[in-house]
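As a plain string of letters, each chain reads:
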Amino acid sequence: MMAGGIRSFLGERKKNAYVCACGFCLLAYTVNNFFSFQQAMSTPTIFALFGMGRAFQRNLAGGAERPDKRKIK
């Protein structure tokens, strides 16, 4: 699950910077869980990042504009 999410998020690095950032955060938290005993604190964060990354992917797939490209009135 982790490897698939990380690969999916980092694979979109040229399309959406937010998805890529979620991928790097997932990678960092996953590596941290190998060496840390605080998994109870890291696990909810990982699932929140999964949700954020998937939401950014869906927004991009739905044709939504990127927030940094919107015209401000």
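Relevant structure appears above.
The shown structure was predicted, so the numbers you read here are calculated from the model rather than taken from an experiment. (Residues numbered from 1 in each chain as written. Predicted model: local features only at pLDDT ≥ 70, side-chain atom pairs only at ≥ 80, totals over all residues. Heavy atoms only, no water.)

Participant: I'm lost on the overall build of the protein in this one. Help?
Facilitator: Within the protein one finds three helices and zero strands. Put simply, the protein runs from its N terminus to its C terminus through helices and strands in the order α-α-α. Per-residue burial for the protein yields a buried fraction of 27% across its 73 residues. Just so you have it, the protein exposes about 5,500 Å², and 62% of that area is on carbon and sulfur atoms. (Helix = DSSP H or I, 4+ residues; strand = E, 2+ residues; numbered from the N terminus. Buried < 20%, exposed > 50% of the residue type's maximum accessible area, 1.4 Å probe, protein only. Areas by Shrake-Rupley, 256 points an atom, 1.4 Å probe, with all protein chains shown as cover.)

Participant: Quick question: what am I supposed to make of helix α2 (residues 17-35) here?
Facilitator: Along an α-helix, a turn takes 3.6 residues, which lines up residues three or four apart on a common side. Compared with an ideal rise of 1.5 Å per residue, which puts 19 residues at 27 Å, α2 spans 28 Å between its outermost C-alpha atoms and is within 8% of the ideal. Residues V19, C20, C22, G23, L26, T30 and N33 constitute the buried set of α2. One face of α2 carries all of its buried residues, which in axial projection span an arc of 160°. Its side-chain oxygen placed 3.0 Å from the backbone nitrogen of Y18, N16 serves as the N-cap of α2. (Expected span 1.5 Å × (residues − 1). Arc of directions from axis to C-beta. Polar contact = N/O pair within 3.5 Å; in protein donor to acceptor, adjacent residues only side chain to side chain.)

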